Structure formats: structure tokens, C-alpha cells
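Residue-level structural notes
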Amino acid sequence: MPAVNYQDFELEIGSDSADGAPRRYFAHVIRSPAGEACRSPVQFRFSEPKELAKLRADLESAVLDINGNNVAGLTSRAEKMLRDFGQEVFRSIFVNVKSISNIYAQSKGKDLRIKLRISSPDLAALPWEYLYEEDEVISYVSLRLPLVRYLETAGMAGAMGVRGPLRILGMISAPDTEEWPRLEVARERERINKGIDKLQREGRVVFEWVSGGTGKDLMDKLLEGDWHIFHFIGHGGVEPQSQSGAGGSSFDQSGFIVMVDEDGKPAKKFASDLAIMLGGARNSLRLVVLNCCESARINVGEKFGNPAIGLMLGGWLPAVVAMQFPISDGAAIGMSEGFYKALANNFPVDDAITTARKFIQVKSRVEFGIPVLYMRSADGKIFDVDNPAPNPPGATAVASQTQEELQQQREEFMLAAAAAPNAVEELEQLARRGQNLVAGLKDDAQLAKRVARIYLDLGTLQQRLKQTPKAAASFAYAIKLDPQNPEYYVRRANFNALVGFYEVARADITAAIALKPDAAEYYWIKGIISGMASGPENKRGFLEQAVEAYGTALRMNPSEPKYLASRANAFFQLGCVAEAIKDIDQAIAMAPDNPDLVAQRTRIQTSTD
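Everything numeric in this text was worked out from a predicted model, so none of it was measured. The numbering scheme is per chain: residues are counted from 1 as the chain's sequence reads. Since the coordinates come from a predicted model, pLDDT governs what is reported: local features require at least 70, and pairs of side-chain atoms require 80 or more to be given and counted, while whole-chain, interface and lining totals use all residues. The basis for every side-chain value is the complete set of non-hydrogen atoms in the structure, without hydrogens or water.

Moving on to the sheet that holds strand E4 (residues 112-118). For two strands to be treated as a pair, DSSP must find at least two bridges joining them. Counting from the N terminus, the helices are the DSSP runs of H or I reaching at least four residues and the strands are the DSSP runs of E reaching at least two. Across the sheet, which stays open at both edges, the 11 strands sit in the order E3-E2-E1-E4-E5-E15-E14-E13-E9-E7-E8 with mixed pairing between neighbours. The open sheet has two free edges, formed respectively by strand E3 (40-42) and strand E8 (205-209), since each of these has just one partner strand. For this sheet, the mean inter-axis angle between neighbouring strands, taken without regard to orientation, is 25°. By the bridge criterion, five bridges tie strand E7 (residues 166-172) to E8 in an arrangement that is parallel. Within E8, the residue paired with Leu166 across the bridge is Val205. For helices, the fitted axis covers only the stretch in contact; all axes are lines through C-alpha atoms, and the angles between them, taken along N-to-C directions, range from 0 to 180 degrees.

Turning our attention to the confidence of the model for the chain. pLDDT is defined as a per-residue confidence score from the predictor, taking values between 0 and 100. In the predicted model, the chain carries a mean pLDDT of 83, and 88% of its residues have values of at least 70. Residues count as neighbours in contact if any of their non-hydrogen atoms are within 4.5 Å of one another. Note that pLDDT drops below 50 for residues 298-304; the model gives that stretch 42 contacts with residues more than four away or on any other chain. Across residues 389-396, confidence stays below pLDDT 50; counting only partners more than four residues off in sequence or on other chains, it has 12 contacts.

Attention shifts here to the pairing of E7. Exposed residues in this analysis have more than 50% of their type's maximum accessible area, buried residues have under 20%, and partly exposed residues fall in between, with area computed by a 1.4 Å probe over protein chains only. With six of seven residues buried, E7 is to be regarded as a mostly interior element. By the criterion used throughout, a crossover qualifies as right-handed when its path from the first strand across the helix to the second strand runs clockwise, the strands pointing away from the viewer. Taken together, E7, helix H6 (residues 185-201) and E8 form a β-α-β motif whose crossover is right-handed. Here E7 runs beside strand E9 (residues 229-233); their pairing, made up of five bridges, is parallel. Note that in E9 the partner of Ile168 across the bridge is Ile229.

Pairs of aromatic rings are described using the distance from one ring centre to the other and the angle between the two planes. A pair of aromatic rings is counted whenever rings of Phe, Tyr or Trp (Trp by its six-membered ring) have centres within 6.5 Å, and the orientation is called stacked for planes under 30 degrees apart, edge-to-face for over 60 and tilted otherwise. Evaluated as defined, the whole model comprises 18 aromatic pairs. A ring pair is formed by Phe9 and Tyr104, whose centres lie 5.4 Å apart and whose planes are at 85°; its orientation type is edge-to-face. Taken together, the positions of Phe9 in strand E1 (residues 7-15) and Tyr104 in helix H3 (residues 98-107) put the pair 95 residues apart, joining distant regions of the chain. For Tyr104, a relative accessible area of 5% gives the class buried. Geometrically, the ring pair formed by Phe94 and Tyr104 is edge-to-face, given 5.0 Å between the ring centres and 65° between the ring planes. One end of the pair, Phe94, is in helix H2 (residues 77-95); the other, Tyr104, is in helix H3, and 10 residues separate them in sequence.

Moving on, we come to the packing of helix H14 (residues 445-464) against helix H15 (residues 468-481). Any two packed helices are characterised by the angle at which their axes cross and by the distance between the axes. Where H14 meets H15, the axes come as close as 8 Å, and the angle between the chain directions of the two elements is 160°. In terms of orientation, H14 lies roughly antiparallel with respect to H15. Remark: the crossing between H14 and H15 carries left-handed chirality. Of the residues in H15, those in contact with Ala448, Val451, Ala452, Tyr455, Leu456, Leu458, Gly459, Thr460, Gln462 and Gln463 of H14 are Lys470, Ala471, Ser474, Phe475, Tyr477, Ala478 and Leu481. Residues that form the contact of H14 with H15 fall into these classes: 11 nonpolar, five polar and one charged. Should an angle fall under 35 degrees it is taken as roughly parallel, and over 145 as roughly antiparallel, whereas 65 to 115 is taken as roughly perpendicular and any remaining angle as oblique. The sense of a crossing depends on the near helix, which, turned anticlockwise from the far helix by less than a right angle, makes the crossing left-handed and, turned clockwise, makes it right-handed. Each residue gets one label: Ala, Val, Leu, Ile, Met, Phe, Trp, Tyr, Cys and Pro are nonpolar, Asp, Glu, Lys and Arg are charged, and the others, such as Gly, are polar.

What follows covers the nonpolar core. For soluble globular proteins, nonpolar side chains are generally found buried alongside one another. The term nonpolar core refers to a set of buried residues drawn from Ala, Val, Leu, Ile, Met, Phe, Trp, Tyr and Cys, joined through side-chain atoms within 4.5 Å. Judged by nonpolar contacts, the single largest core of 88 residues is most densely connected at Ile93, Trp128, Leu287, Phe339 and Leu343. Of the residues forming this core, the biggest block, eight residues, is contributed by helix H10 (residues 329-344). Setting aside its immediate chain neighbours within four residues, Trp128 contacts Ile13, Phe44, Val89, Ile93, Leu116, Ile118, Leu123, Leu147 and Arg149. Counting 63 residues, the second largest nonpolar core, distinct from the first, contains Leu406, Leu456, Phe571 and Leu597.

This part covers the pattern of salt bridges. Each salt bridge in this description consists of a side-chain nitrogen of Lys or Arg and a carboxyl oxygen of Asp or Glu lying within 4 Å of one another. Counted under the stated rule, the structure contains 26 salt bridges. A salt bridge links Arg91 to Glu134; its shortest N-O distance comes to 2.7 Å. Of this pair, Arg91 sits in helix H2 while Glu134 sits in the loop between helix H4 (121-124) and helix H5 (141-144), and the two are 43 residues apart along the sequence. You can call Glu134 partly exposed: its relative accessible area is 38%. Taking the shortest distance from any N to any O, the salt bridge between Glu129 and Arg149 comes out at 2.9 Å. Of this pair, Glu129 sits in the loop between H4 and H5 while Arg149 sits in strand E5 (residues 147-150), and the two are 20 residues apart along the sequence.

This paragraph deals with H15. Helices are assigned an expected span. That span is 1.5 Å times one less than the residue count. Helix length check: H15, at 14 residues, gives a terminal C-alpha distance of 20 Å against a target of 20 Å (1.5 Å per residue), a fit within 8%. Counting buried positions along H15 gives 10 out of 14 residues, so the element sits mostly inside the fold. Taken together, the buried positions of H15 are occupied by Pro469, Ala471, Ala473, Ser474, Phe475, Ala476, Tyr477, Ala478, Ile479 and Leu481. Where H15 is buried, its residues meet H6, E8, helix H13 (424-440), H14 and helix H16 (486-498).

Structure (C-alpha cells):
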């Protein structure tokens, strides 16, 4: 699908009123297919600061009021409030200001890109992504046309050639405090993986995760190769404005995201800090996605800003996507799927965000306006991807086939699976064949379980070959096809622990235990993972959880010496030497011929001498 060559309809909106007074707003068209329009006054009903603050709060409340009516059925209260806001603001500018109305009418019929330059802090805080043109079939402007917040900085931002797949680096930072509640890390990773699973399996996108939440973790991972996109999931915000310098830019640098320090405590990283961290990748990095609910929130004051604007002011990033409100799981999955697929297909970033909005709108009739695209690229073309369209071997158009044909292909597939291929290429091809059959034979549980086993074998082999992203996708697909099989969660837990994703590993082993609560071995594995998560610092909380897990395993099977030996090691790391010796002595009594147990006791005893 060829990209559309959009023409800019660039609109500047500002104010020249002092703080506290009723606002006087102005707008003018900087450029359009029909020319310019002079600076003209705009009348909004919310000219008083208190009215504007209440409007912002009401709109945020509406977006957060996510319920079933946002997907189908009658218009929800939330949708009505956002539609009325978008309609009122559109009329105030595009209808009631005659100079702009005439230019806009002459420009319609063209493929327009709406570029908003909003220099008034109070207006910049509003969700312009809900502009509503009632006379159009697709009334929300951002679902019909690219709508961007345009920032002009020094330097040009043209397209960069990318050979092969887009490389995306993801990071989740999850402090656990009253101010910054702990994120469900496993769920956050899962919803991203679901959104781009198909793209990864087709080789069109490579998505890897930073293993920790510190700035050092990020910079270490950036050194491993060229990254084109950085996707951050976490908390963010804007520092309250106690002081504002006069003069200069109307933007400030008060926006921040929240990482963690070496002790796991929250660490605010302002836009300038993040720009320094990402600076080593500036030759390849073209886009930052900040999936934190306050990353597009505006701090209103004499100067205003947020972490997205702060990053853009560095002058080398062409685009930043940020969220102006919290976003639900379903909408986030739709966002990732639509956005990254469009970018991998060489869509301009503004066209890609429009596509993402449509994917979100299928899931939620409200949340499509949450993403905000800040852009300084003139045409949105930040990538030139040399990524041929996928044509996976064995793929079939199952929708046009009869059940008899599908059953015949099923029998051939089962025979091929019984031959037990062991080369990664053969397993990949077989997995794709099975995936297509599962799509056509949706109620065939036996087939789904057989394909799941193939993906499990494929993931195991990919892990052995250090193909970490592919292995992660294969394990995820195995669980998707056979979600009640606890073995699959155990295998993925071991994989995630080995690559350093301890939070995800702990979530997986917990899921396995929920499916098979009488498995002592699973509790032992949970203890091992908790011990690994304690790291070289021997973090006490993780070690105490390990001791508890080993204890549960021992209550279920008190005659297993390895459970005692593992708990002895955890006790030793906690500094509880007496308890450690007691456990290791019991283990030796059960297995007196095991030299490893004797050596372990010697190490523990020596530490006290």
C-alpha cells in the first residue's frame, strides 16, 4: 500500500493574555493548499482559567471512564463528553473564524495533514486529538487525517535508511512506592508481545527488552547494536512550576519519566537526562514512544512542558509519541499492533499513528485520542525501511478452502509433525503451517495442542541458539495455543530467568502453580527464580520469598534433599547460618553419598570460622 503524499494544513494557536485574566486567543493558518490566513481572534467558552482547569479534569475523567459501551452499542457518557468538546473546539476555529473557515473549505478534498502549533500552555493541555467535524462521515479528525503536534527546532529531520527489520528496544521501569505504584511487569510485556507477535514471527520487527529499570541498564543495552525505536513503559509526570524564568522559549524541561536506582528506589529522569542516555544511539534512533500516562500531560504555567516536548527540544529526534491519559490493555495492544505494522511497511510516522488510532478504536471508542504525536519532521518520513513483504512458506488462504481440504492438510501436517524435525528452519516452517491450520480449524483442540508443542520445541531450540526474541515469541505462542498446560509456563519461566527477566519469570511460575498447585517441583523452581532475582546484593525480600517457596515444596515432599540444600543456600545468603547448617545436615542424612552436599556444608561452616 503506497504512502499518501499529504499536504500540510498548519495552524498556530496562541494567547497574549496575562495569567489570571480572561484569556484572549488567536489563530492563524501558516500554510495550506489554499494559502495562508491572517491572525484572527478565537472565542472559546472556557476563557477563564478555572473553567479551563475544570474542563481538563472533566475530559480526563471521561477518558478514564472505560466500559463496555466504548466498544459497541449506545454512545457512552465518556464518548459524548469528548465528542461535544471536540465539536465545540472545531467550530470555534474552523467554522466561526471566517478567514480560517474559507481557507479550510478550499483545502478540503486534498489529502491533508493537520499540523497544530499550540503555543498557549493552557490550550496545549487539552486533548486536541478529539477534534470533531460533524459534517464528515468519519467525524473525528484524527481518525481520518494525520493530526500532529508540530515543533520546529533547529536542523532538519529527514528519513533514515533501515536495512532489514526495524529494531525496537523496550524498557519497563517498575518502582514500588506509594507515589509510584508497582506495575504489572509481566502483563505489560505480554500486551506488547501480543501486539507485535506476528511482526516478530515474520522477521519484520525485532523487539528486545532492557533487562532492568536503571539508566545503566538502558545504556548497556544501547551498546549492543543499532536501535531505531525506544519504547518506554512506566510512570512519568511534570514537576510543579515554582519558578519560571522569563524570556526565551515557552517550553521548559520539567517533564520526567521514573526509572529506578541501583537499590530499586524511584529515580526521576528529566528529559535532559533521558536525552543524554539515548544520545549514544542518535545515529540510528529516530523515534521514542513514552507509554506512561503523564508523558503528554502539560504543566501549565508561564512556561510549559512534558518529557516528550523536552526530548524534542534536543533537536535530533524527529518524533516522540506520548500518552496524555492512562491507556487500557486492549487499546495498548491495538496501538502496538497497528503502529509498528505501519512503520514496518514504510508508512510515515504520522500516517502510522493514524493507523494505530483505528486499531485502538476497534477496541475502545474513546481511547484512540490518548496517543499524542510530537513531530518535527516536515513530512513524517523518518524511516526508509528495506523490508520486503512477508511470504511465509506453507502459508495458505484458509478462508477460501473447504473443510475437506483443511482436514486433508491436517492429516499431512500431523504426519510431518510425527517425523520429529529438529532443525530450526524445519520447525519454523512446520509451526507456520500449523498456525494457518489452527486459524481454519478453530475448534480442533487436539490440533492446537500439537502446534503448541511444536512452538515449545522451536522456542527451546531458538533459546539454545541464543535467538532470544524469537524464542520469546515461540514460547508465547505455545501458551496462547495451550493456555492450560502448566509445563509451558514453567519452560518460559526458566527461559525468562536465564535472560534476566525475573519479574516475568516469577509471574510465569506463579501461573504454573495456579494450574497445578500440588506440584512441589514448581515451588522449588519459584524459589530458584526468587534467589536469582536477589542478585549479587542478596536482596532480602527476594531471599525471604525463596525460603518460603522452598518450605512449601518441603511440606509437600519432605524427603527431597535438593529442596533442603536450596533452602540452606538461601538461609546462608540471608546470614542465618544455624538454619542453613540444620537444612544441609538433613539433606546429607538423606543422600550421604552426594559430594556436592558435603562441599556445600563445608562452605557454610568455613564462613563462620
